[in-house]
Amino acid sequence: MIVPMSMIDKLTGRMTLAEKLGQLTMTTSSYAVTGPVIAGDSTDSIRNGTLGNLLNLVGAKHVHEMQRIAVEESRLRIPLLIGFDVIHGHRTIFPVPLAEASTFDPKIWELTARESARETAADGIAMTFAPMVDVSRDLRWGRTVEGPGEDPWLAAEIARAKVRGFQGADLASPESVAATAKHFCAYGPVTGGREYASVDISERTLREVHLPAFAAAVRAGTAAIMPAFTDLAGIPLTAHKALLRDYLRGELGFDGVIVSDYNAIRELIQHGVASNVVEAAVLALKAGVDIDMMAGAYRDGLPEALERGLVTMDEVDECVLRVLRLKERLGLFDDPYRRGSRVEAVEVVTARRRVARDVGGKSLVLVKNSNDALPFRADIRRIAVIGPLADAWREMRGPWAAAGYEEPNVSVLAGLRAALPEAQVVHAEGVAISSADTAGIAAAADLLDDGVEVVVLCLGEAAEMSGEASSRAFPELPGEQRALADAVLERAATNDIPVVATLFCGRPLIVPWLAEKADALVVAWFPGTEAGHAIADVLTGRLSPSGRTPITWPRALGQTPLFYGQRNSGRPENPQDRFTSKYLDSANSPLFPFGFGLTYGRFAYTNLRVSAASATVEDTIEVAVDLTNTGAREAEETIFMFVRDRVASVARPLLELKGVTKIALKPGETGTARLQLAAADLRFLGLDLKPVFEPGEVEILVGPHADPARLTTARVMLQG
Ligand code: NOJ
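Residues numbered from 1 in each chain as written. Predicted model: local features only at pLDDT ≥ 70, side-chain atom pairs only at ≥ 80, totals over all residues. Heavy atoms only, no water.

1. Quick look at the overall build of the protein
What counts, and what does not: Strands are runs of DSSP state E lasting at least two residues, helices are runs of H or I lasting at least four, and both sets are numbered from the N terminus onward. The reference for a compact globule is 2.2 Å times residues^0.38; the radius of gyration itself is calculated from the C-alpha atoms. A simple rule labels every residue: compare its accessible area, found with a 1.4 Å probe on the protein chains alone, to the largest value its type can have, and call it buried under 20%, exposed over 50%, or partly exposed in between. Between two residues, a contact is recorded if the distance between any of their heavy atoms is within 4.5 Å.
Scanning the protein from N- to C-terminus turns up 20 helices and 26 strands. The C-alpha atoms of the protein give 26 Å as radius of gyration, which agrees with the globular expectation for 720 residues (27 Å, within 12%). Each principal axis of the C-alpha atoms in the protein carries an extent, and together these give about 80 × 60 × 45 Å. Counting all 720 residues of the protein, 61% fall into the buried class. Long-range contacts, defined here as pairs at least 24 residues apart, represent 77% of the contacts in the protein between residues at least 6 apart.

Now the structure itself:
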């Protein structure tokens, strides 16, 4: 059978080498700087056909002008692919990814990605470098904020929902953008939590913990994947043939575009695996990288590599075809101006802000609420809002605000004032986020006079203290914030005023003292554009909190990496026995376990049951548990389903997450939460790292979070 030549094959046949390499090159337009600025004006290269892709350009007018040059003035009239980092919103900024993960709600993950895609596309852009699905178990690593937290199951769920949301049902739609799952892979376990450092983990951890999210993104149809900057046991991911070509393209069948990270191909020289740009380009091309972002290594290195026979033209063409196919799938050949041709209606933008407020509220994690300090009484009349994050609207956006710079973000102070028009809200910053100046502390404490009914203490990191290149060796409250907190807590105790601490952070912070002394503690992460309203919604009780931490909070940095899915070991912790796995100077247990978070209700779990006492690999096990809200307020409970395989050919983790569901109940109401467990999901990687389904007993543990003491257990016998 003769397969007719596609438009793209014909086009490739007409291209010069310089034009081909242009299609494999992406450079910045300098609108937004997301790395060292190493490229100048791109207009001439677009015109002469030697540049086919841009990043960091926004605004339909600018994008369309660049497209016009490409499709009207360049010889082959190939449209540009324009990408941007839309990590948690484009202009409307949603909560940071770690905060969104805290909602444990796939509908929310998909919705915010969909809304981001519509807003991004309205700005003319066709590609986002998201979702970031790197599992992080080390809070020192700043990029923890950009990702899904510590759990592989959760990361995979988020990956799926985000790809669906960004790409929609039709990638060619003027409201869809191409997703880029990143950073492939195992970027999170960088040595010492230090950004860009080397990674060295076992093949089992790689496959069990770090690859599932990427496999999920591929199965959901992600258009692109970005390799991580890092090396894995000495092989930089940008040159990792076994993982890019054999695993991604081979095992998973990924046929989309692999786009390098910023200048990563040239950085193969610093990694120490290439001595010049020719070798670097060869390594990346051979490994399967299609687009060279910002390194200019393909343009500079591949002509010589071809001449010397180090790569073939077929290998180059393969990449060109993939890039052109993506442009075709995005509908760019049919109409390069399809994105950004319509201005979004005001109602659409307003509705999006409502989504930001709703999701912002749902991503807050209430980790302490003694004596029902929250919500505020309805007749509250005087509040003190203290701390450097209280009136810091810029910080609320978090570290990756994309194009959201001009948006009016709502500070905590503004949100509370709007929510409580009858109340007097007094405010002092006390100290700056990070400074040695303590001069303002006394005046801040002096605000706590007799009339103040509650103090909202807003503490935490500046947005830029997490994110890329933001590892911290001391992930605590920066500057003199502890001195401020101590003074406020002391005065509040003297005057009998409850303190509600609100913590802004891109990672768990080491603050056991604050958790002990504050009456209530809300982990707000960075809630985005609508931060202040979202926080006010929860503090005033308009919304009952429902967020759960997607990452374990250690008591001490020395516990790092601390995650719920550890193995038992041969000598599990026993306080009576010195020679067991524990610290001399700290408990093993976390400050807050994975999944922890309170609501304004109180839930009792009873009657856990499973549909069958035994299961084969084809079966689906129905799991049900009854819950009663014994509290005084309506609330939504998040229910976790873990499994434990106590005896297997390879020691399994103490707990493995397999499902999450939610139920909203009024005071006194009882309901049933139902979950499904496919027995096939109880397979694990055997001694040979191949999936096995081993007969024997498996425990199904259900409850409010990953503290084993709070879980109830049912048992199922697996049959081979
Ligand atoms: C570097 C970051 O690692 C990556 O996440 C991002 O997409 C690129 N820069 C482009 O800004």
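2. Section: the state of the cysteines
What counts here: Note on terminology: disulfide denotes any pair of cysteine sulfur atoms within 2.5 Å.
Tallied over the entire structure, the rule returns 0 disulfides. We note that Cys 319 lacks a disulfide partner, and the nearest cysteine sulfur, in Cys 185, lies 19 Å from it. The closest cysteine sulfur to the non-disulfide-bonded Cys 458 is located on Cys 505, 12 Å from its own sulfur. Residue classification places Cys 458 among the buried positions, given a relative accessible area of 0%.

3. Concerning unusual backbone geometry
Omega for the peptide link from Lys 182 to His 183 comes to -10 degrees, which places this bond in the cis form. Within the element layout of this structure, His 183 appears in strand 5 (residues 180-184). For the bond from Leu 374 to Pro 375, the omega torsion is -5 degrees, close enough to zero to count as cis. Note that Pro 375 resides in the loop between strand 11 (365-369) and strand 12 (382-386). Of note, Asp 372 is a non-glycine position whose phi angle comes to about 45 degrees, a positive value.

4. What about the sheet that holds strand 22 (residues 670-678)?
To keep it simple, the criterion reads: A pair of strands counts as paired when DSSP detects no fewer than two bridges linking them. Axis definition: a line fitted to C-alpha atoms, limited for helices to the stretch in contact. Angles are taken between N-to-C directions and run from 0 to 180 degrees.
Spatially, 3 strands are ordered 17-19-22 in an open sheet, and the strand pairing comes out antiparallel. Two strands in the sheet have a free side with no partner beyond their single neighbour: strand 17 (603-610) and strand 22. Here the strands of the sheet are splayed against their neighbours by 25 degrees on average, with no regard to which way each runs.

5. Regarding the packing of aromatic side chains
Centre-to-centre distance and the angle between the planes together describe a pair of aromatic rings. Our working definition: Here a Phe, Tyr or Trp ring, Trp counted by its six-membered ring, pairs with any other such ring whose centre lies within 6.5 Å, and the pair is stacked when the planes are under 30 degrees apart, edge-to-face when over 60, and tilted otherwise. Here, a charge over a ring is recorded when the distance from Lys NZ or Arg CZ to the ring centre is within 6 Å and its angle to the ring normal is within 35 degrees.
Applying the stated criterion to the full structure yields 13 aromatic pairs. Each ring, one from Tyr 564 and one from Phe 642, has its centre 5.3 Å from the other, and the planes form 65 degrees; the classification is edge-to-face. With a gap of 78 residues between them, Tyr 564 in the loop between helix 20 (531-539) and strand 17 and Phe 642 in strand 20 (residues 635-644) connect regions that are remote in the sequence. Residue classification places Tyr 564 among the buried residues on the basis of a relative accessible area of 11%. The buried category is assigned to Phe 642, whose relative accessible area is 0%. Between Phe 594 and Phe 640, the ring centres sit 6.1 Å apart and the planes meet at 65 degrees, which makes this aromatic pair edge-to-face. Of this pair, Phe 594 sits in the loop between helix 20 and strand 17 while Phe 640 sits in strand 20; the two residues are 46 residues apart in sequence, bridging distant segments of the chain. In terms of burial, Phe 594 and Phe 640 fall into one category: buried. Grouping aromatic residues by their ring pairs yields a cluster made of Phe 104, Tyr 564, Phe 594, Phe 640 and Phe 642. Here the guanidinium or amino end of Arg 137 rests over the ring plane of Phe 563, the centre of that ring lying 4.0 Å away.

6. Here's the deal with the domain arrangement of the protein
What counts, and what does not: What fixes the domain bounds is an automatic or database domain assignment. Think of a salt bridge as a Lys or Arg side-chain nitrogen and an Asp or Glu carboxyl oxygen that are within 4 Å of each other. We call two N or O atoms a polar contact when they sit within 3.5 Å, provided that within protein one can donate a hydrogen and the other can accept it, with sequence-adjacent residues counted only if both atoms are side-chain atoms. Here the nonpolar group is Ala, Val, Leu, Ile, Met, Phe, Trp, Tyr, Cys and Pro; Asp, Glu, Lys and Arg are the charged ones; every other residue, Gly included, is treated as polar.
Entries for the protein in the domain assignment read domain 1 (83-329), domain 2 (360-559) and domain 3 (603-718). Between domain 2 and domain 3, the C-alpha centre-to-centre distance is 34 Å. The interface of domain 2 with domain 3 comprises 4 residues on the first partner and 9 residues on the second. Across the contact surface, domain 2 and domain 3 share 1 salt bridge. Where domain 2 packs against domain 3, one counts 3 residue pairs in polar contact (both at pLDDT 80 or more). In terms of residue class, the side of domain 2 that touches domain 3 is built from 1 nonpolar, 2 polar and 1 charged.

7. Focus on the sheet that holds strand 6 (residues 224-227)
Judged by pairing direction, the sheet is parallel, and its 3 strands sit side by side in the order 5-6-9 without closing on themselves. Pairing within the sheet leaves two strands with one partner each, and these edge strands are strand 5 and strand 9 (257-258). Where helix 9 (residues 212-219) meets the sheet, it contacts strand 5 and strand 6, and its direction lies at approximately 160 degrees from that of strand 5.

8. Let's talk about the pattern of salt bridges
Under the counting rule described, the total for this entry stands at 51 salt bridges. Linking Arg 482 and Asp 486 is a salt bridge whose minimum nitrogen-to-oxygen distance equals 3.7 Å. With Arg 482 and Asp 486 both in helix 18 (residues 481-495) and 4 residues apart, the pair spans about one turn of that helix. A single salt-bridge network, built from bridges that share partners, covers Asp 44, Arg 47, Glu 65, Arg 68, Glu 72 and Glu 73.

9. Observations concerning the nonpolar core
Our working rule: Take the buried residues of types Ala, Val, Leu, Ile, Met, Phe, Trp, Tyr and Cys, join any two whose side-chain atoms come within 4.5 Å, and each joined set is a nonpolar core.
Counting 100 residues, the largest nonpolar core has Met 127, Phe 184, Leu 248, Ile 265, Met 293, Tyr 298 and Leu 326 as its most contacted members. Ranked by residues supplied to this core, first place goes to helix 12 (residues 277-287) with 8 residues. Sequence-distant contacts of Ile 265, defined by excluding residues within four places in its chain, comprise Thr 238, Ser 260, Ala 280, Ala 281, Ala 284, Val 289, Asp 292, Ala 295, Ala 297 and Tyr 298. The next biggest cluster of nonpolar side chains, apart from the first, holds 81 residues, and it includes Val 367, Ala 390, Ile 433 and Val 454.

10. Here we look at the side chain of Arg 644
So the rule is basically this: Positive charge is attributed to Lys and Arg, negative charge to Asp and Glu, and no charge count is given to His or to the chain ends.
Its location among the elements puts Arg 644 in strand 20. At 5.4 Å, Glu 699 is the nearest oppositely charged side chain to Arg 644, a buried residue that forms no salt bridge. Not counting residues up to four positions away in its chain, the partners in contact with Arg 644 are Asn 568, Pro 653, Leu 654, Val 698, Glu 699 and Leu 701.

11. A look at the side chain of Asp 151
Tracing the backbone through its elements, the reader meets Asp 151 in the loop between strand 4 (127-128) and helix 7 (152-167). At 3.0 Å, the side chain of Asp 151 and the backbone nitrogen of Trp 153 are in polar contact. Here Asp 151 is in contact with Val 135, Tyr 564, Phe 594 and Leu 657, once residues within four sequence places are set aside.

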